[in-house]
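Each chain is listed here by its residues.
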Amino acid sequence: MSLVIAHARDDIGFMVGDTLLSHEHFQLRDDIGPVNGEFHSLKIQVLDGATAVAFAGHFQTAYRSICDLYAALKCTPGLDPVQWIGDRQGLEQCEFLVLLNEPRRKQ
């Protein structure tokens, strides 16, 4: 289970989340993690000044996807990260929360 809270306003955005990895890999192998016997990782990645992505679920798949999204945003700055994640195949075991802190577009 992951806990992430996000908030965005015109002038600021923030995300706060837990770090505990509870993936089945760690439970099945009886691995001892480096932090009180458990494994932890940042579940929120800040990709640029306007975009942060939090993830839950299968760690390796989610993290690899966020790395790929970061590379795509560098090549195509106007890319919609929510659409990019939604269009990506193989993310059934993952959940994402995207925080976009951009100026509001005129309607």
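Since the model is a prediction, treat every value here as computed from it, not as a measurement.

Colleague: Honestly, the overall build of the protein in this entry has me stumped. Any pointers?
Modeller: Looking only at helices and strands, the protein has 3 helices and 5 strands in total. Going from N to C terminus, the protein has its helices and strands arranged as β-β-α-β-β-α-α-β. Going through the 107 residues of the protein one by one, you find that 28% of them count as buried. Sequence-distant contacts in the protein: of pairs separated by 6 or more residues, those separated by 24 or more amount to 49%.

Colleague: What should I look at first to understand the sheet that holds strand 5 (residues 94-100) in this one?
Modeller: Backbone-to-backbone hydrogen bonds pair the strands of a sheet. The strands run either parallel or antiparallel. Spatial strand order, 3-4-5: 3 strands in an open sheet with antiparallel pairing. Because the sheet does not close on itself, it has two edges, and the strands there are strand 3 (44-48) and strand 5. Looking at each pair of strands side by side, their axes are set apart by 20° on average, direction ignored. Both strand 3 and strand 4 (residues 51-57) contribute to a ladder of 4 bridges, which runs antiparallel. Considered in strand 4, the bridge of V46 is made with A52.

Colleague: Is there a simple way to explain the pattern of salt bridges in this structure?
Modeller: Oppositely charged side chains are able to pair whenever their charged atoms sit close together. All told, the structure shown has 2 salt bridges when counted by the stated rule. Linking R64 and D68 is a salt bridge whose minimum nitrogen-to-oxygen distance equals 3.1 Å. Of the two residues, R64 and D68 both sit in helix 2 (residues 59-75), 4 residues apart, roughly one turn of that helix. Exposure remark for D68: the relative accessible area of 23% places this residue in the partly exposed category.

Colleague: Looking at this structure, I do not really get the nonpolar core. What am I missing?
Modeller: For soluble globular proteins, nonpolar side chains are generally found buried alongside one another. Membership of the largest hydrophobic core is limited to 12 residues, which are L47, V53, F55, A62, I66, L69, A72, L73, W84, I85, L91 and C94. Of all the secondary structure elements, the ones that give two or more residues to this core are strand 4, helix 2 and helix 3 (81-87). Among the elements that take part in this core, helix 2 stands out by supplying 5 residues, more than any other. L91 has contacts with T61, S65, I85 and F96, leaving out every residue within four places of it along the chain. Formed by 5 residues, the second largest nonpolar core is a distinct cluster that contains M15, I44, A52 and A54.

About the cut-offs
- Per chain, residue numbering runs from 1 following the sequence as it is written.
- Predicted model: local features are reported for residues with pLDDT of at least 70 only, side-chain atom pairs are reported and counted for 80 or more only, and whole-chain, interface and lining totals are derived from all residues.
- With hydrogens and water set aside, each side-chain value is computed from the structure's full complement of heavy atoms.
- Per the convention used, a helix needs a DSSP run of H or I reaching at least four residues, while a strand needs a run of E reaching at least two, with both numbered from the N terminus.
- Think of it in three bands: with a 1.4 Å probe and only protein chains considered, a residue is buried below 20% of the maximum accessible area for its type, exposed above 50%, and partly exposed in between.
- By the convention used here, residues are in contact when the closest approach between their heavy atoms is within 4.5 Å.
- For two strands to pair, DSSP has to find at least two bridges joining them.
- To define axes, lines are fitted to C-alpha atoms, for helices over the stretch in contact only, and angles between the resulting N-to-C directions are given on a 0 to 180 degree scale.
- Take a side-chain nitrogen of Lys or Arg and a carboxyl oxygen of Asp or Glu: if they are within 4 Å of each other, that pair is a salt bridge.
- Nonpolar core, defined: a set of buried Ala, Val, Leu, Ile, Met, Phe, Trp, Tyr and Cys residues in which side-chain atoms within 4.5 Å join the residues together.

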